[in-house]
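Each chain, written out:
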Amino acid sequence: MNIPQSVAWENGAIRLLDQRRLPHVTEYVTLETVPAVFDAIQSLAVRGAPAIGITAAFGVVLSAFIHPSSDVEELKEQVLIDSGYLSQSRPTAVNLFWALNRMNEVVVQAASAESLRENVLSEALAIQKEDEDVCRAIGEHALPLFKDGDRVMTICNAGSIATAKYGTALAPFFLSKEHGINLSVYACETRPVFQGARLTTWELMQAGVDVTLITDSMAAHTMKTKKISAVITGADRVAANGDSANKIGTFGLAVLAKSFGIPFYIAAPLSTFDLGTPNGDAIPIEERDPSEVAEVNGMRIAPEGVKVFNPAFDVAPAGLITGIITEKGIVKPAERDIAALFA
Ligand code: MRU
């Protein structure tokens, strides 16, 4: 089965699958500087919460190797400045801050410049490897939720290229394929950046998973007429009470699922939980450039001067979420159950 991957550490640089160009062009870019990493994250060359975290972690590695200092305290200071800079690339996905915090810990503990460089590289590679294992475990825990012939709806791309491998919301589809279970996926196109149309369909088709593309406005009609059995999405940040931020449109799907009596699942690794954020109202929601809404592929579709609101994420409240599928199993979106995951 062909399961694409998006981030690699190769020859002292980051090799990224450029997700802006998919599905028409499969092109890899090489990042050799910290500002290039910042731009790749901000411009969505790499996107998806875990993949952003992994890329930023490798950005810290680049920083450590680029700064020539042999004085460990001086090197720590320079690398921590770069880490702080990378943390400003996108605000919503907590995996970015989670990964950078993990890297910062390693930086501050280094006893020499040489060991700092060695240790940050091992840590970034560990973050990447762990994410692959975690995503596979999420897929395994999700599998029993679906039976042969089920039709499942998703939005955005919480797939292999949004993580180290397998994805979160898409992991059960790859694993069900391995187990000979046939699931059909209905992928919402995901305006305005079209992660569903461009990336989820591309990924699933390569793996031979049955996928049908719909526009976001077709979700209610499709749930009803195609007898959708469940909705599953990823998350960018799960608050302590289970409210979950994910790609804009997710909240609407959760409301629809509730009204049709369809289970609505969030698939997310523990690195996406933020116990320091009490609820969804406290999650920072990124607002992106108006051109994403007023233009399609560089072609203007709205009158010049029109006002545009372009939030990249919304929050599905815990009350609409049936369960959150993690690497430790499925948890109820409730404060106590979530806290127990981390106990
Ligand atoms: O703006 P994006 O494309 O980075 O948004 C991505 C999502 O909303 C994903 O669903 C989420 O990050 C989970 S990826 C496993």
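Not measured: the values here are computed from a predicted model.

What follows concerns the sheet that holds strand β3 (residues 28–31). The strand order β1-β2-β3 describes an open sheet built from 3 strands, whose pairing is antiparallel. Edge positions in the open sheet fall to β1 (7–10) and β3, since each of these has one partner strand only. Each strand of the sheet is rotated relative to its neighbour by a mean of 25°, with strand direction disregarded. As defined by bridge partners, β1 adjoins strand β2 (residues 13–17) across 4 bridges and the pair is classed as antiparallel. From the neighbouring strand, A8 faces β2, where its bridge partner is R15. Here helix α2 (residues 49–66) sits on the sheet in contact with β1, β2 and β3, set at roughly 20° to β1.

Taken together, the neighbourhood of the ligand is formed by 17 residues, with R47, R90, D236, N246 and K247 sitting nearest. Here an oxygen atom of the ligand and a backbone polar atom of A49 are 2.8 Å apart. For the ligand, an oxygen atom lies 2.6 Å from a polar atom in the side chain of N246. The fraction of the free accessible surface of the ligand (420 Å²) that becomes covered by protein chains is 100%.

Considering all chains together, one arrives at 15 salt bridges under this definition. Among the salt bridges present, the one from R237 reaches D274, with a minimum N-O distance of 2.8 Å. One end of the pair, R237, is in strand β8 (residues 237–239); the other, D274, is in strand β11 (residues 273–274), and 37 residues separate them in sequence. Residue classification places R237 among the buried residues on the basis of a relative accessible area of 7%. When the shortest N-O distance is used, the salt bridge between R288 and E286 registers 2.8 Å. For E286, a relative accessible area of 7% gives the class buried. Linked by salt bridges that have partners in common, R90, E286, R288 and E292 make up one network.

Turning our eyes to something else, we now look at the domain arrangement of the chain. Partitioning the chain into structural domains gives domain 1 (7–136) and domain 2 (139–341). Domain 1 and domain 2 are separated by 25 Å when their C-alpha centres are compared. Buried area between domain 1 and domain 2, both sides added, is near 2,700 Å², and the carbon and sulfur share of it is 54%. Contact with domain 2 buries area across many residues of domain 1, yet R47, T92 and R136 alone supply 28% of it, more than any other trio.

For α2, spanning 18 residues, the distance from its first C-alpha to its last is 26 Å, which sits close to the expected 26 Å at 1.5 Å a residue. With 16 of 18 residues buried, α2 lies mostly within the body of the structure.

This part is about the packing of helix α3 (residues 72–86) against helix α4 (residues 94–109). Put simply, α3 and α4 touch, their axes get as near as 10 Å, and they point 175° apart. With respect to each other, α3 and α4 are oriented roughly antiparallel. Side by side, α3 and α4 meet where K76, V79, L80, S83 and L86 of the first sit next to L96, L100, N104, V107 and V108 of the second. Each residue belonging to the contact of α3 with α4 can be placed in one class, and the counts come to 7 nonpolar, 2 polar and 1 charged.

This brings us to the environment of Y265. Tracing the backbone through its elements, the reader meets Y265 in strand β10 (residues 264–267). Distance in space between the C-alpha atoms of Y265 and G323 is 5.2 Å, their sequence separation being 58 residues. Setting aside its immediate chain neighbours within four residues, Y265 contacts L145, A230, V231, I232, T233, T322, G323 and I325.

Another aspect to go through is the pairing of strand β5 (residues 184–188). Taken across its 5 residues, β5 has 5 buried, putting it largely inside the fold. Alternating residues of β5 divide into S184, Y186 and C188 and V185 and A187, and every residue in both groups is buried. The pairing of strand β4 (residues 151–154) with β5 spans 4 bridges and is parallel. In the sheet register, M153 faces β5, and the bridge partner there is Y186.

What follows is about the nonpolar core. Side chains of a nonpolar character, in soluble globular proteins, are inclined to be buried together. Among the nonpolar cores identified, the biggest contains 42 residues, and I14, L116 and V120 are the most heavily contacted of them. Among the elements of the structure, β1, β2, β3, α1 (34–42), α2, α3, α4 and α5 (113–142) are those that each provide at least two residues to this core. The element contributing the most residues to this core is α2, with 11 residues. Contact partners of V120, with chain neighbours within four places excluded, come to V60, V61, A64, M103, V106 and V107. Among the nonpolar cores identified, the runner-up in size contains 28 residues, and V134, L143, L170 and A171 belong to it.

Rules and cut-offs
Residues numbered from 1 in each chain as written. Predicted model: local features only at pLDDT ≥ 70, side-chain atom pairs only at ≥ 80, totals over all residues. Heavy atoms only, no water. Pairing = 2+ DSSP bridges. Helix = DSSP H or I, 4+ residues; strand = E, 2+ residues; numbered from the N terminus. Axes fitted to C-alpha atoms, helices over the stretch in contact; angles between N-to-C directions. Contact = heavy atoms within 4.5 Å. Near = heavy atom within 4 Å. Polar contact = N/O pair within 3.5 Å; in protein donor to acceptor, adjacent residues only side chain to side chain. Areas by Shrake-Rupley, 256 points an atom, 1.4 Å probe, with all protein chains shown as cover. Salt bridge = Lys/Arg side-chain N within 4 Å of Asp/Glu carboxyl O. Buried < 20%, exposed > 50% of the residue type's maximum accessible area, 1.4 Å probe, protein only. Domains from an automatic or database assignment. Buried area = accessible area lost by both parts, 1.4 Å probe. Expected span 1.5 Å × (residues − 1). Parallel < 35°, antiparallel > 145°, perpendicular 65-115°, else oblique. Nonpolar A, V, L, I, M, F, W, Y, C, P; charged D, E, K, R; others polar. Core = buried A, V, L, I, M, F, W, Y, C linked by side-chain atoms within 4.5 Å.

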